[in-house]
Amino acid sequence: MIKGFIFDLDGVITDTAELHFAAWKKLSDDMDWQFDRDLNEKLRGISRMDSIKVIMDHNNVSLKEETIVELATQKNDIYVQSLDHMTPEDYLPGAKELLTHLRSEGFSVALGSASKNAEKVLKQLNATHYFDVIGDGNSVSRSKPAPDIFLYASEKMGLSPERCIVFEDAEKGIDAAKAGNFYSVGIGPEERVGHADVRFDTMKEATLFEVKSHFKDLF
Ligand code: G6P
Ligand code: MG
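Computed from a predicted structure; not experimentally measured.

Chemist: Explain the domain arrangement of the protein here, please?
Modeler: Bring the parts together and some accessible area is lost; that lost area is often taken as the interface size. Each domain of the protein was delimited in the assignment, giving domain 1 (4–14 + 92–218) and domain 2 (17–83). In this structure, domain 1 and domain 2 have C-alpha centres spaced 25 Å apart. Where the side of domain 1 that touches domain 2 is concerned, the elements lending two or more residues are α6 (118–125) and α8 (171–179). Tallying contributions element by element places α6 first for the side of domain 1 that touches domain 2, with 3 residues.

Printed below as a string of structure tokens:
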């Protein structure tokens, strides 16, 4: 029986990809690195430090670890500033409705995000109260595709993985859910999250009714 839901944040609850893009683009321009939307797609779901390493590899750049941390911090300062403009209007369509419905039906709900800024994002959206457990980039050290963040969230909810459904928009996020033995719902195109148990194009289609009908033996 499914008792809990674990949500990724960026790309599932709200769309921060554009803000991450703008911040990485600013840093890349300053550094004279090539960075475009295709490369930004590769950063979906992965940690800040893994992200900067992907960008550096793409540009055949190698730097001291200390410098890499400094540059990642510069990017983060730009990103965090841009979050000040985020408001409770900025849920992805359908996300708030699903969270509300899950609470009213008594399911446990957790966040399972790689972001170290998750608490700030939830605050800007006024979404903190939907979550029993907040698992973010500060909760575990191994990031997706390792299952650690989802295992942390399920353990804190007191549920085994096979009683939880993970919502993810990233390829590596679905890999992480599968590695942890969770059921998975992919949000996005087939080529990105087609390996999830169930896939919807957007959160708008992911109503509790639809989710229950796809996993009917589990409710
Ligand atoms: C999410 C996003 C990634 C981002 C990561 C870390 O998973 O999808 O693009 O790199 O969080 O975010 P942070 O806010 O800690 O830099
Ligand atoms: Mg995501």
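Chemist: Teacher, can you tell me more about the sheet that holds strand β1 (residues 4–7) here?
Modeler: Read across the open sheet, the 6 strands follow the order β3-β2-β1-β4-β5-β6; overall the sheet is parallel. Where the open sheet ends on each side, the last strands, each with one partner, are β3 (133–135) and β6 (198–200). Adjacent strand axes in the sheet meet at a mean angle of 20° when their direction is disregarded.

Chemist: Got a minute to help me understand the packing of helix α1 (residues 17–31) against helix α4 (residues 65–83) in this structure?
Modeler: The description of two helices packed together rests on the angle between their axes and the distance between the axes. It is the contact of α1 with α4, at a shortest axis distance of 9 Å, that shows an interaxial angle of 140°. Between α1 and α4, the crossing angle belongs to the class labelled oblique. Judged by the twist between their axes, the crossing of α1 over α4 is right-handed. Between α1 and α4, the contacting residues are L19, H20, A22, A23, W24, K26 and L27 on the first element and L71, Q74, K75, I78, Y79, S82 and L83 on the second.

Chemist: Would you take a moment to explain the confidence of the model for the protein for this structure?
Modeler: Interpretation of this model should avoid reading the predicted coordinates in detail wherever pLDDT is low. Residues at a pLDDT of 70 or more form 100% of the protein, whose mean pLDDT is 97. Here the prediction assigns the complex a pTM of 0.96, and the interface score ipTM is 0.98.

Chemist: Could you clarify how one ought to interpret the site of ligand 1 in this entry?
Modeler: Contacts to ligand 1 come from 17 residues, most closely from R48, A114, S115, K116 and N117. For the shell around ligand 1, the class distribution of residues is 3 nonpolar, 10 polar and 4 charged. Formed jointly, the shell around ligand 1 draws a minimum of three residues from each of two domains, domain 1 (4–14 + 92–218) and domain 2 (17–83).

Chemist: Just checking my understanding: could you explain the packing of helix α3 (residues 48–58) against α4 for this structure?
Modeler: For the pair α3 and α4, interaxial distance at closest approach is 10 Å and the crossing angle is 105°. Classified by the angle between their axes, α3 and α4 sit roughly perpendicular to one another. In contact with R48, M49 and I52 of α3, α4 contributes I68, L71, A72 and N76. Of the residues belonging to the contact of α3 with α4, the class tally is 5 nonpolar, 1 polar and 1 charged.

Chemist: What's the story with the UniProt feature "active site" (unreviewed entry) in the protein in this structure? I'm lost.
Modeler: UniProt records the feature "active site" (unreviewed entry) at D8 and D10, using the numbering of this structure. Looking at where D8 falls in the secondary structure, it is placed in the loop between β1 and α1. When neighbours within four sequence positions are excluded, D8 is seen to be in contact with G112, S113, F167, E168, D169, A170 and G173. If you trace the backbone, D10 turns up in the loop between β1 and α1. With sequence-adjacent residues up to four places away left out, D10 is seen in contact with T16, A17, S113 and S115.

Chemist: I would appreciate a short explanation of the environment of L98 in the present structure.
Modeler: Checked against the element boundaries, L98 lands in helix α5 (residues 95–104). For L98 and Q34, which are 64 residues apart along the polypeptide, the C-alpha to C-alpha distance reads 38 Å. Ignoring sequence-local partners within four residues, the contact set of L98 consists of M203, A206, T207 and L208.

Chemist: Explain the pairing of β1 here, please?
Modeler: Along any regular strand the residues' side chains alternate between the sheet's two faces. Here β1 shows no split at all, with G4 and I6 on one side and F5 and F7 on the other all buried. In this sheet, strand β2 (residues 108–112) lies alongside β1 in parallel orientation, the contact comprising 4 bridges. Its bridge partner being in β2, F5 is matched across the sheet by V109. Judged from the 4 bridges that link them, β1 and strand β4 (residues 164–168) form a sheet pairing that is parallel. Looking at the pairing, F7 lines up with F167 of β4.

Criteria and cut-off values
Residues numbered from 1 in each chain as written. Chains lettered and ligands numbered in written order. Predicted model: local features only at pLDDT ≥ 70, side-chain atom pairs only at ≥ 80, totals over all residues. Domains from an automatic or database assignment. Helix = DSSP H or I, 4+ residues; strand = E, 2+ residues; numbered from the N terminus. Pairing = 2+ DSSP bridges. Axes fitted to C-alpha atoms, helices over the stretch in contact; angles between N-to-C directions. Parallel < 35°, antiparallel > 145°, perpendicular 65-115°, else oblique. Left-handed = near helix turned anticlockwise from the far one by under 90°. Contact = placed C-beta atoms within 7 Å. pLDDT = per-residue confidence, 0-100. Near = placed C-beta within 6 Å. Nonpolar A, V, L, I, M, F, W, Y, C, P; charged D, E, K, R; others polar. UniProt positions renumbered as here; feature names shortened; annotations may be inferred. Buried ≥ 20, exposed ≤ 12 C-beta atoms within 10 Å, placed from the backbone.

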